[in-house]
Amino acid sequence: MGDPVKSDTKTNGFHKATNGHHQQQQEELKIAIIGQSNFAAEVLELLLERDHLIVGVFTIADKAAREDVLATVARQHGIPVFKFSAWRRKGVPIPEVLEQYRSVGANLNVLPFCSQFIPMEVIDGAAYGSICYHPSILPLHRGASAISWTLIEGDERAGFSIFWADDGLDTGPILLQKQCPVYGDDTLDTLYKRFLYPEGVTAMAEAVDMIAAGTAPKIPQTEIGASYDPALFREENQYLNLNQPAVRIFNFIRGLDSVPGALAVVRMEDGEEVPVRLYGASLSARRSMVNGKPIQFKGSTGSAFVTREGIFITGTDGSLVRVRRIKRGNRVIPAGEWFEQMGTTKATPLVLTEKEQEQDTLLRSIWKSILKVEIGPETDFFACGAGSMDVVRLVEEVKDTLEVPIDNETLFMAPMYGEFLQEVIQRMRSGSNGDRGTNIPLDYKHVVLKANRRQIVVPTQLFINGRFVDAEGAKTIPIVNPTNEKVICDVANASKADVDDAVQAADEAFRGVWTSVSARERGQLMYRLAELMEQHREELATIESIDSGAVYTLALKTHVGMSIDAWRYYAGWADKIEGSTIPVSPARPNRVLTFTKKEPIGVCALITPWNYPLMMLSWKMAACIAAGNTVVIKPAQVCPLTALKFAELTVRAGFPPGVINVVTGTGSLAGQALADHPAVRKLGFTGSTPIGKRIMASCAESNIKKCSMELGGKSPLVIFADCHLEKAVRLGMSSVFFNKGENCIAAGRLFVEDRIHDEFVRKVIRGIKTMKIGDPLDRATAHGPQNHRAHLEKLQEYCAIGVKEGAKLLYGGKRVPKMEGLFFEPTVFTDVEDHMYIAREESFGPIMVISKFHASDFDALVARANSTEYGLASGVFTQDIAKALRFAERVEAGTVFVNTYNKTDVAAPFGGFKQSGFGKDLGKEALNEYLKTKCVTVEY
């Protein structure tokens, strides 16, 4: 009687039988409820709400000291409860059981869900008979697995029947039926939850109301179209026939999803046969497999493949079925990780902090209260008899008690207590509830940097899909320390295929695991990452100094400090990205609601420069991640080490695999592959204008991907005679020599009013002579080495051109003599005319280019400042605020500094005009670079 299998759902129309004989009701109903489960418990409570008299509840015996929920609810209402392990013995009713049943004097039996065989003496023993719930549109799918067979047979409609029990198998007259459509993405679970469960509870109460009113029909079932299906709780009936069309394979898998799961056997290369269960099936639009690794199923004549997206099974019609999850033993894994998981050992158990040990105790108590057994690491939630409502209860109690974001899938993927505990603790650590620290085992090739009284372990492989991996063919490139020109290490040199792997991982994460992370949880991950960067601040600054030549104190404050600020700033934005409602003019009499949504773009590629390796990564990536995108970044070829250390921290912060990927290598190969890739929808680039033009062309030719460009600059700095001279000298030097001149907004040309020109120059040269040039790790050093040899040689060439064209070289212009490493002297040129090369082109080095001007012609001065194809930044020093604002209004630059320079902040937008690029980093505006706007119009 009834169906012991449960599932999911959605609701629609229904059909109620209205023919047949109506029973005349004369005395009050005295109802006995016979059954089990939450379904039966809800029917009981609804009948009580409708003032029906329940004289007794008959349910199954306790299992492992666990009472069925129906018994618990009945007891709470003071209703007599009877628990029987069986009603019959050897086919004969047990006398004492019958006696207890008869003792309550029931005149109507209601069987909402019953897995036991009830004797006819009970079925016919009530004056008004017995009614049963069955989850199919009878006479279709009689038997114990009706919901599953509705899906397996590909029925277009599902439903349930409430019928009058007789001595047949689900053959009694129909009292009431309701039905709903079966959707293409329905599974056993969704169909049950959407329609069969909620509508079934209501319909059982409706049926009892009809009996009480004497209007309940008894419509004989027809035998036309009747079907009797095998019971799927028997394992032999759970095996998937792989030699049939794809739609039949798909329907069988979803008909057993998520309990008990379709059975198949994988035949390994060594001949071992591994039983597995398949979940999460869908029909694939693919017609062929590229880069899929073959997997063999026993008894199958068709092919099957494993890709990152899952396992693809070929039906006899050539179509493909995608399987997302696969279970071996007690462990459910993503199907796309079959080969990796088969070759891995169990993860190293986490070392719990004292607080986490308390949380372990709380978690064990929750499990014990549900399962009623002692809990150990190997305790299997489902093997202990837990059902679907136990899953709901566990998930909700854990969320409420420990405030950790989990869902049903968390338990399905980690059903044993030890695994579940680790998953919960890791999720808590990825929020703000603990220190993930060094408890996560990370296996990678690395270099140990011994510097700054530290030993710093830095990865040297590509970071793809949450793992450090070698490049194709194990190819590498050398990384050189600019302080001594010695090789630090070799890092992976990504190929086009490696870039494709990274983009695929990012795409799958964007469409999969990243969608399940809410905006607020995304912000928490970013905050956690910022905290880890703070904890590793000195390590990151040391790596930056060794790798790029940045002065350690500057790296600590700016390179790393501003990176941390960026992640914290955009973490706050993650859950504040919103659209707007728009008043429109509808055609009367209809009304219209129009609103916009801000949505992430998808997979974003970032290509960053070598002057601020970590900061440029953070400026772009923090906004990108806050907006909900996934990312593949190619750091500069010559200094990728902080990006690789950063990748390690993202794992420790709890970012899901595939969300952040790092490919090291050359711009001509790895960078170009990103610009050309059709799955990349946005590219953010910082670098030279010529390379930016090539990337824009690739973005257009590949798939018209959105791009933002922060390119070259020749930023003018105007110093009027009425300025505060000492401040102008100090900040004027900083505007050029900051970060050894390797600064995109460096003042490429200084215009100094003729009245103060000579004094300004004298003070600058005096200041240069006090600058300490040397080891960037020395705390007293003010000027470190240039980033790499090719750049140093370009600076030498730049100065030679300046001298040749007649500019006056007052200081520097050459490599620092008698010093190991790529050190270039701070340089000062004066008498620079507008037509000269050094007046027009960026040096990107510590070279101050000074021109005089007369204050009488303000318009001419502004014209000279704007006489460049670049427009990144600008500055003016004057105590006349009106003059400063006039300059700010007319100068063609994305940033204007007044009586200061290099004063950037993560909340202020940053980006240029003209050939300095377009798009913004930093501030709220940067989010728009990584979002798309969708307009939705609803007529009602």
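Since the structure is predicted, the reported quantities are computational estimates derived from the model, not experimental observations.

Scanning the protein chain from terminus to terminus reveals 27 helices and 41 strands. Across its three principal axes, the protein chain shows a C-alpha extent of roughly 115 × 70 × 55 Å. Counting only residues that meet the buried cut, the protein chain has 56% of its 940 residues in that class. Across the protein chain, every contact between residues at least 6 apart in sequence was considered, and the portion connecting residues at least 24 apart equals 71%. Carbon and sulfur atoms make up 51% of the accessible area of the protein chain, which amounts to about 39000 Å² in all. The distance from the centre of the 106 positive side-chain charges to the centre of the 112 negative ones in the protein chain is 5 Å.

As a further point, take the environment of Gly748. Tracing the chain through its elements places Gly748 in strand S32 (residues 747-753). For the pair formed by Gly748 and Leu617, sequence separation is 131 residues and the distance between their alpha carbons is 24 Å. What Gly748 contacts, discounting residues up to four positions off in sequence, is Lys714, Ser715 and Val849.

Bringing the packing of aromatic side chains into the picture now. Describing an aromatic ring pair means giving the distance of the ring centres and the angle of the ring planes. Enumeration according to the criterion identifies 26 aromatic pairs in this entry. Summarising the aromatic geometry, the rings of Phe58 and Phe84 are spaced 6.1 Å apart at their centres and angled 35° between planes, so their arrangement reads as tilted. Of the two residues, Phe58 is situated in strand S2 (residues 53-60) and Phe84 in strand S3 (residues 81-84); the sequence distance between them amounts to 26 residues. The class for Phe58 is buried, based on a relative accessible area of 1%. Measuring from centroid to centroid gives 5.4 Å for Tyr192 and Tyr197, while their planes differ by 85°, and the two rings are edge-to-face.

Once that is clear, we can look at the sheet that holds strand S24 (residues 581-582). Read across the sheet, 3 strands follow the order S24-S25-S41 without closing on themselves; strand pairing throughout is antiparallel. Across the chains shown, the open sheet's two edge strands, defined by having one partner strand only, are S24 and strand S41 (931-939). In terms of strand pairing, S24 meets strand S25 (residues 592-600) through 2 bridges, oriented antiparallel. The residue bridging Ile582 from the neighbouring strand is Thr594, located in S25.

Running from N to C, helix H1 (residues 37-49) and helix H6 (residues 188-213) point in directions that differ by 40°, and their axes come no closer than 9 Å. Considered as vectors, H1 and H6 are oriented oblique to each other. Between H1 and H6 lies a crossing of right-handed hand. Between H1, through Asn38, Phe39, Glu42, Val43, Leu46 and Leu47, and H6, the contact on the second element is made entirely by Tyr192, Leu196, Tyr197, Gly200, Val201, Thr202, Met204, Ala205 and Val208. Considered class by class, the residues forming the contact of H1 with H6 number 11 nonpolar, 3 polar and 1 charged.

Time to look at the pattern of salt bridges. Applying the stated rule across the entire model yields 43 salt bridges. Residue Glu485 is joined to Arg789 by a salt bridge in which the shortest nitrogen-to-oxygen separation is 2.8 Å. Of this pair, Glu485 sits in the loop between strand S22 (476-481) and strand S23 (486-492) while Arg789 sits in helix H23 (residues 789-804), placing them 304 residues apart in sequence. Glu648 is the salt-bridge partner of Lys645, the closest N and O atoms lying 3.2 Å from each other. With Lys645 and Glu648 both in helix H18 (residues 641-653) and 3 residues apart, this pair spans about one turn of that helix. Because the salt bridges share partners, they merge into one network encompassing Asp62, Glu67, Arg75 and Lys83.

For the rest of this paragraph, the subject is the environment of Tyr183. Looking at where Tyr183 falls in the secondary structure, it is placed in the loop between strand S9 (174-181) and H6. Residue classification places Tyr183 among the partly exposed positions, given a relative accessible area of 30%. Separated by 730 residues in sequence, Tyr183 and Phe913 have C-alpha atoms that sit 52 Å apart.

The buried count for S9 comes to 8 of 8 residues, which makes it a mostly enclosed element. Bridge analysis of strand S8 (residues 157-164) against S9 gives 7 bridges, and the strand direction is antiparallel. Across the sheet, residue Phe163 finds its bridge partner in S9, namely Ile174.

So, about unusual backbone geometry. In this model, Leu138 is joined to Pro139 through a cis peptide bond whose omega is 15°. Along the polypeptide, Pro139 turns up in the loop between strand S7 (130-134) and helix H5 (146-152). Although it is not a glycine, Glu403 adopts a positive phi angle of roughly 55°. Take Glu403: its relative accessible area is 63%, and that puts it in the exposed class. With phi around 60°, Asn902 is a residue other than glycine that occupies positive phi space. The topology assignment puts Asn902 in the loop between strand S38 (895-898) and strand S39 (913-914).

On the surface, a cluster of nonpolar side chains totalling about 280 Å² of accessible area is made up of Leu593, Val938 and Tyr940. When you line up the elements, Leu593 lands in strand S25. Leu593 gets classed as partly exposed once you look at its relative accessible area, which sits at 38%.

Moving on, we come to the environment of His141. Among the structural elements, His141 can be located in the loop between S7 and H5. With relative accessibility at 3%, the residue His141 sits in the buried group. The spatial distance from the C-alpha of His141 to the C-alpha of Ser227 is 5.1 Å, given a sequence separation of 86 residues. Those residues in contact with His141 that lie beyond four places of it in its chain are His134, Ser136, Ala146, Trp149, Thr150, Glu153, Asp155, Ser227 and Asp229. A distance of 2.7 Å separates a polar atom in the side chain of His141 from a polar atom in the side chain of Asp229.

Taking 1.5 Å as the rise per residue, H6 with 26 residues should run 38 Å; its terminal C-alpha atoms sit 35 Å apart, in good agreement. Along H6, the largest kink reaches about 35° and is centred on Leu196; proline Pro198 follows within four residues of it. Count one or two residues on from H6 and you reach Gly214, which has phi positive near 75°.

So, about the side chain of Ser136. Following the sequence through the fold, Ser136 ends up in the loop between S7 and H5. Among the residues examined, Ser136 registers a relative accessible area of 1% and is labelled buried. Within polar-contact distance, the side chain of Ser136 engages the backbone oxygen of Leu140 at 2.6 Å. Within the local environment of Ser136, its side chain forms a polar contact with the backbone oxygen of His141, the two atoms lying 3.4 Å apart. Not counting the four nearest positions on each side in its chain, Ser136 is found in contact with His141, Ala146, Gly159, Phe160 and Ser161.

Once that is clear, we can look at the sheet that holds strand S34 (residues 827-830). Across the sheet, 7 strands lie side by side as S33-S34-S35-S32-S31-S37-S38; this open sheet has mixed pairing. The strands lining the two open edges of the sheet, one partner per strand, are strand S33 (808-811) and S38. On average, adjacent strands in this sheet sit at an angle of 20° to one another, irrespective of strand direction. Pairing between strand S37 (residues 873-877) and S38: 4 bridges, direction parallel. Directly across from Val876, in S38, lies its bridge partner Val898. Relative to the sheet, helix H22 (residues 757-769) contacts strand S31 (715-719), S32, S33, S34 and strand S35 (847-853), its axis offset from that of S35 by approximately 165°.

On to the confidence of the model for the protein chain. Looking at the protein chain, pLDDT values average 91 and 95% of them are 70 or higher. Across residues 1-23 the pLDDT falls below 50, and counting only partners more than four positions away or on other chains, this stretch makes 111 contacts in the model. Below pLDDT 50 for its whole length, residues 432-440 participates in 26 contacts with residues either more than four positions away or in separate chains.

Turning our eyes to something else, we now look at the pairing of S37. In terms of burial, S37 is a largely internal element, 5 of the 5 residues being buried. Residue alternation in S37 divides its side chains into two sets, Ala873, Gly875 and Phe877 and Ser874 and Val876, and both sets are buried. Taken together, the 3 bridges between S31 and S37 define a ladder with parallel strand orientation. The partner of Leu717 across the bridge, within S37, is Gly875. What joins S37 to S38 is helix H26 (residues 881-890), and the crossover it makes is right-handed.

What counts as what
- As a convention, each chain's residues are numbered from 1 in the sequence order in which they are written.
- Reporting of local features is limited, given that this is a predicted model, to residues whose pLDDT is at least 70; pairs of side-chain atoms are given and counted only at 80 or more, and all residues count toward the totals for whole chains, interfaces and linings.
- Heavy atoms throughout the structure, all of them, feed into the side-chain values; hydrogens and water do not.
- Think of it this way: any DSSP run of H or I at least four residues long counts as a helix, any run of E at least two long counts as a strand, and we number them from the N terminus.
- Only protein chains enter the accessibility calculation, which uses a 1.4 Å probe; a residue whose area is less than 20% of its type maximum is buried, one above 50% is exposed, and one in between is partly exposed.
- Whether two residues are in contact is decided by their heavy atoms, any of which lying within 4.5 Å being enough.
- Residue burial considers only the protein chains on display, and all accessible areas are found by Shrake-Rupley using a 1.4 Å probe.
- Under this rule, positive means Lys or Arg and negative means Asp or Glu; His and the chain ends count for nothing.
- A charge is said to be at NZ when it belongs to Lys, at CZ for Arg, at CG for Asp and at CD for Glu.
- Pairing of aromatic rings covers Phe, Tyr and Trp, the last through its six-membered ring, and needs centres within 6.5 Å; plane angles under 30 degrees mean stacked, over 60 mean edge-to-face, and all others mean tilted.
- Think of it this way: DSSP has to see at least two bridges between two strands before they count as a pair.
- For helices, the axis comes from a line fit to the C-alpha atoms of the stretch in contact; other axes are also lines fit to C-alpha atoms, and the angle between any two N-to-C directions lies between 0 and 180 degrees.
- Working definition: roughly parallel below 35 degrees, roughly antiparallel above 145 degrees, roughly perpendicular at 65 to 115 degrees, and oblique for all remaining angles.
- In this scheme the crossing of two helices becomes right-handed for a clockwise turn of the near helix relative to the far one and left-handed for an anticlockwise turn of less than a right angle.
- Nonpolar residues are Ala, Val, Leu, Ile, Met, Phe, Trp, Tyr, Cys and Pro. Charged residues are Asp, Glu, Lys and Arg, and all others, Gly as well, are polar.
- A pair is scored as a salt bridge if a Lys or Arg side-chain nitrogen falls within 4 Å of a carboxyl oxygen belonging to Asp or Glu.
- For patches, a residue must show more than 30% relative accessible area and have no salt bridge; joins then use 9 Å for like charges and 5 Å for nonpolar side chains, namely Val, Leu, Ile, Met, Phe, Trp and Tyr.
- By the criterion applied in these results, polar contacts are pairs of N or O atoms within 3.5 Å in which, for protein atoms, one can donate a hydrogen and the other can accept it, and in which residues neighboring in sequence qualify only through two side-chain atoms.
- In this analysis, the expected span of each helix is defined as 1.5 Å times one less than the number of residues it contains.
- Working definition for bend: take the seven residues up to and ending at a residue and the seven starting at it, fit an axis to each, and measure the angle between the axes.
- The score called pLDDT rates the predictor's confidence residue by residue, from a low of 0 to a high of 100.
- By convention, a crossover is right-handed whenever its connection, traced from the first strand over the helix to the second and viewed with the strands pointing away, goes clockwise.

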